[in-house]
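Residue-level structure breakdown
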Amino acid sequence: MGRIPPGPPETGRVRRNRDADWNDWPVADYLAENYRRLHPCDIGVIHHHAAVYRRFAPGALSRTVELGAGPNLYPLMLAAAASRGVDALEPSAASVRYLCGQLAHGVDDSWRPFYALCRSLAPGLPADSAEALRRVRVVRGTADDLVPGTYDLASMNFVAESVTEDFGEFTALCDAFVHAVRPGGTLLAAFMERMPSYRIGTGPVWPACPVDEAALRAVFTPRTTGLRIVGLAKDRTLPEYGDTGVLLLTAERPAA
Ligand SMILES: C[S@@+](CC[C@H](N)C(=O)[O-])C[C@H]1O[C@@H](n2cnc3c(N)ncnc32)[C@H](O)[C@@H]1O
């Protein structure tokens, strides 16, 4: 991902989610830049998320969702520790193809250190990542396809703030995320902090909405209980995305 110089987006107008061709998501470049090795921020996200899943006994959650799963397998590995059924909801044809291939034919070797770390923090996970990922079902769709109250837990990593420049649309996506769980259900998310629109490799500009902790509190406080937000330092082993770090969020949808 490359940083876009400050100023109005190339088109001169705010770019919304539908303005980007998500089917064309550059999976190979994205993996190369982000997930071919364990970066410090992945380690931080995995530790944080694993602690949330450890609240639940293995298999205690009947259905969970990973919203905007993309080609990232570690949130699915973590979810498999506690969930009997994980929906990886993803609109992009390219990412769906990658995910389906990984589930059908075994994961790329580069995911092994990720799985080893997940398993060290979630001992209920089986030795074989393929067995864990059998709990995952890939579903083609967007946040608009979420049916309120469906899931025990919803997880979302680097999605709402990374798919639109419109703060109203960011808020609507977070709202759909919150309502995807049943009352009392658990919410788990990671956000790039203050990231402007970005490039992956030399590809097109993808729309993003810079958010900070105050913006997340403004969106999630009225919609959730038990809101907790912690920060991870900017990861300088990643390409320069223009972010200032990562924000990790946990909360619950209010019971009834
Ligand atoms: C920056 S990527 C993050 C991918 C992955 N979650 C990760 O942790 O690396 C943003 C993802 O959101 C997906 N996306 C775009 N619009 C979406 C929408 N309206 N609803 C759900 N996902 C969307 C994209 O296809 C892409 O996979």
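Note that the structure is a prediction, hence the values are computed from the model and not measured.

Here we take up the overall build of the protein. A tally of regular secondary structure across the protein gives eight helices and ten strands. Here the C-alpha radius of gyration of the protein, 17 Å, is about what a compact globule of 256 residues would show, namely 18 Å. In the protein, which comprises 256 residues, the proportion classed as buried is 45%. Sequence-distant contacts, at least 24 apart, represent 78% of the contacts inside the protein between residues at least 6 apart.

To continue, consider the sheet that holds strand β2 (residues 64-67). The strands that make up a sheet pair up through hydrogen bonds in the backbone, lying either parallel or antiparallel. Reading across the sheet, the seven strands line up as β4-β3-β2-β5-β6-β10-β9 and stay open at both edges, with mixed pairing between neighbours. Only two strands of the sheet have a single partner each, and these edge strands are β4 (136-140) and β9 (225-233). Each strand axis lies, on average, 15° off the axis of its neighbour in the sheet, ignoring direction. As paired strands, β2 and strand β5 (residues 151-157) are joined by four bridges and run parallel to one another. Counted as the bridge partner of E66 is S155 from β5. In the packing of helix α4 (residues 93-105) onto the sheet, contacts are made with β3 (86-90) and β4, and the angle to β4 comes to roughly 160°. On the sheet, helix α8 (residues 213-220) packs against β6 (181-192), β9 and β10 (245-252) and is oriented at approximately 20° with respect to β10.

Now for the confidence of the model for the protein. Taken residue by residue, the protein gives an average pLDDT of 95. The fraction at 70 or more is 96%. At the low end of the mean pLDDT range in the protein sits strand β1 (residues 2-3), at 48; at the high end sits β2, at 99.

Right, let's get into α4. A rise of 1.5 Å per residue sets the reference length of α4, with its 13 residues, at 18 Å; its end C-alpha atoms lie 18 Å apart and thus fit the reference within 8%. Considered for burial, the residues of α4 that qualify are S95, V96, Y98, L99 and Q102. Taken down its axis, α4 places every buried residue within 160° of arc, on the same side. Of the exposed residues in α4, those oriented more than 90 degrees away from the buried face are A104 and H105.

Here the focus is the site of the ligand. As a matter of local geometry, the ligand sits amid 19 residues, with G68, G70, N72, T142 and N157 nearest to it. Residue composition of the shell around the ligand, by class: nine nonpolar, nine polar and one charged.

Our next topic: the packing of helix α2 (residues 40-53) against helix α5 (residues 112-121). Running from N to C, α2 and α5 cross one another at 30°; their axes reach a closest spacing of 10 Å. One element, α2, and the other, α5, form an angle in the roughly parallel class. Remark: the crossing between α2 and α5 carries right-handed chirality. Contacts between α2 and α5 involve D42, I43, I46, H47 and A50 from the first element and F114, L117, C118 and L121 from the second.

Judged by nonpolar contacts, the single largest core of 76 residues is most densely connected at L76, M77, L78, A80, C118, A154 and F177. If near-sequence neighbours (up to four positions away) are discounted, C118 is found in contact with I46, A50, Y74, M77, L78 and L125.

One can find F167 in helix α7 (residues 167-179). On the basis of neighbour count, F167 is assigned to the partly exposed category, with 16 C-beta atoms found within 10 Å. Along the primary structure F167 and P210 are separated by 43 residues, whereas in three dimensions their C-alpha atoms are 8.6 Å apart.

About the cut-offs
- Residues numbered from 1 in each chain as written.
- Predicted model: local features only at pLDDT ≥ 70, side-chain atom pairs only at ≥ 80, totals over all residues.
- Helix = DSSP H or I, 4+ residues; strand = E, 2+ residues; numbered from the N terminus.
- Rg over C-alpha atoms; globule rule 2.2 N^0.38 Å.
- Buried ≥ 20, exposed ≤ 12 C-beta atoms within 10 Å, placed from the backbone.
- Contact = placed C-beta atoms within 7 Å.
- Pairing = 2+ DSSP bridges.
- Axes fitted to C-alpha atoms, helices over the stretch in contact; angles between N-to-C directions.
- pLDDT = per-residue confidence, 0-100.
- Expected span 1.5 Å × (residues − 1).
- Arc of directions from axis to C-beta.
- Near = placed C-beta within 6 Å.
- Nonpolar A, V, L, I, M, F, W, Y, C, P; charged D, E, K, R; others polar.
- Parallel < 35°, antiparallel > 145°, perpendicular 65-115°, else oblique.
- Left-handed = near helix turned anticlockwise from the far one by under 90°.
- Core = buried A, V, L, I, M, F, W, Y, C linked by C-beta atoms within 7 Å.

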